[in-house]
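Breakdown of the fold
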Amino acid sequence: PDKVPTLFGTAPMIVQSGSMEPTIKTGDLIFSKVTEPEDVKEGDIISFYDPDSNGKTVNTHRVIKIETVVEDEKEQLQFRTKGDFKLNKEDKTPVPAENLIGVYQFRIAGAGNVAMFMQSTLGFVICVILPIALFVLYDFIRRKLYEKKNAEDTEALNEYITPKLRQILADDIELLDGRDGLELMMEYNGIHNGELVYRNIILTTLDTGKSTDEKLT
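Residues numbered from 1 in each chain as written. Predicted model: local features only at pLDDT ≥ 70, side-chain atom pairs only at ≥ 80, totals over all residues. Heavy atoms only, no water.

1. Digging into the pattern of salt bridges
- Under the counting rule described, the total for this entry stands at eight salt bridges.
- Between Lys65 and Glu67 there is a salt bridge; the shortest N-O distance is 3.9 Å.
- For Lys65, a relative accessible area of 44% puts it in the partly exposed group.
- Salt-bridge contacts for Arg142 lead to Asp139; the nearest nitrogen and oxygen are separated by 2.8 Å. (Salt bridge = Lys/Arg side-chain N within 4 Å of Asp/Glu carboxyl O. Buried < 20%, exposed > 50% of the residue type's maximum accessible area, 1.4 Å probe, protein only.)

Quick look at the structure:
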């Protein structure tokens, strides 16, 4: 039979029938731990390849009896199983030890339905394609808003700095008059909530190193 995939020795499976209700319900996601046949005990819930379907389907039922049979002069274990649902009868065919997948550990109620939905075309669109599309749209809008804000900040900066710069140049005209090599540096930290946070204009004459440093707020 096709092997059930396992992760770290545990096989996740989706329950598609109610034969184990109320212990395990249809639509649950169950986890069975890979176990040696010799370690299975009566009362354990086991997952196994159904011998009545030539191993094409998987069942999860409770062990009600463990038997030892002789085949080809070798002793082998087999399990008598039954679903917990009150109307169920004992499974017709015993489960050979070689059909054992593992012993049931726990379940996540309803998670199997979610997994089945995600495997459908509609589920793939909603759970995979739609989130990607929304993220791309969000990133596009975010970039446009950033570019718009950056342009507004630059315009506001120019409107604010120009008159202040003229004022400083007027106040320091005697300091700068007749000197060569004027270096101008403007530092700013942006605009927050529509108001200027911080501005510095530094005027430095290169030959003296003397500077005017005025904080504009």
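Still more to cover.
2. What to know about the confidence of the model for the protein chain
- When pLDDT is averaged along the protein chain, the result is 77; 71% of the residues meet or exceed 70.
- Note on residues 173-217: pLDDT is under 50 here. Beyond four places in sequence and across chains, it has 85 contacts. (pLDDT = per-residue confidence, 0-100. Contact = heavy atoms within 4.5 Å.)

3. Re the sheet that holds strand β5 (residues 74-82)
- Strand order in the open sheet formed by seven strands is β1-β2-β7-β3-β4-β5-β6, with antiparallel pairing between adjacent strands. In this open sheet, the two strands that pair with only one neighbour each are β1 (10-14) and β6 (95-96).
- In this sheet, β5 lies alongside strand β4 (residues 58-71) in antiparallel orientation, the contact comprising nine bridges. Pairing of Glu71 across the sheet is with Lys74, part of β5.
- In this fold helix α1 (residues 111-119) packs onto β1, β2 (29-33) and β7 (100-108), with an angle of close to 75° to the strand it touches most, β1. (Pairing = 2+ DSSP bridges. Helix = DSSP H or I, 4+ residues; strand = E, 2+ residues; numbered from the N terminus. Axes fitted to C-alpha atoms, helices over the stretch in contact; angles between N-to-C directions.)

4. Thoughts on the pairing of β7
- Summarising the sheet, β2 and β7 pair through five bridges and their orientation is antiparallel. The residue of β7 that forms the bridge with Leu29 is Ile108.
- Pairing geometry for strand β3 (residues 45-49) and β7, over three bridges, is antiparallel. Counterpart to Ile46 in the pairing with β7 is Val103.

5. Some words on a negative patch on the surface
- On the surface, a cluster of negative charge is made up of Glu71, Asp72, Glu73 and Glu98.
- Along the chain, Asp72 falls in the loop between β4 and β5.
- Residue Asp72 is classed as exposed on the basis of its relative accessible area, which comes to 74%. (Patch = residues over 30% accessible without salt bridge, like charges linked within 9 Å, V, L, I, M, F, W, Y side chains within 5 Å. Areas by Shrake-Rupley, 256 points an atom, 1.4 Å probe, with all protein chains shown as cover. Lys, Arg positive; Asp, Glu negative; His and termini not counted. Charge placed at Lys NZ, Arg CZ, Asp CG, Glu CD.)

6. A few points about the pairing of β5
- Taking the residues between adjacent antiparallel strands as the criterion, β4 and β5 are bridged by two residues, where Asp72 takes a positive phi near 55°.
- Sheet topology note: the β5/β6 ladder contains two bridges and is antiparallel. By the bridge assignment, Phe79 is partnered in β6 with Val95.

7. Comments concerning the side chain of Thr60
- Mapped onto the secondary structure, Thr60 falls in strand β4.
- Taking the relative accessible area as the measure of exposure, Thr60 reaches 12% and is therefore buried.
- Of the polar contacts made by the side chain of Thr60, one reaches the side chain of Ser47; its length is 2.8 Å.
- With residues near it in sequence (within four places) discarded, Thr60 still touches Met20, Ile24, Ile30, Ile45, Ile46 and Ser47. (Polar contact = N/O pair within 3.5 Å; in protein donor to acceptor, adjacent residues only side chain to side chain.)

8. Remarks on the environment of Gly112
- As for its position among the elements, Gly112 is in helix α1.
- Sequence separation between Gly112 and Gly27 is 85 residues; the distance between their C-alpha atoms is 4.7 Å.
- Excluding its chain neighbours within four sequence positions, the residues that come into contact with Gly112 are Ile14, Gly27, Asp28 and Leu29.

9. Concerning the nonpolar core
- Membership of the largest hydrophobic core is limited to 11 residues, which are Val4, Ala11, Met13, Val15, Met20, Ile24, Ile30, Ile45, Tyr49, Ile101 and Tyr104.
- Counting only elements with at least two residues in this core, the list comes to β1, β3 and β7.
- Excluding its chain neighbours within four sequence positions, the residues that come into contact with Met13 are Val4, Asp28, Leu29, Ile30, Ser32, Ser47 and Val58.
- Ile46, Phe79, Leu100 and Val103 belong to the second largest nonpolar core, which has eight residues in total. (Core = buried A, V, L, I, M, F, W, Y, C linked by side-chain atoms within 4.5 Å.)

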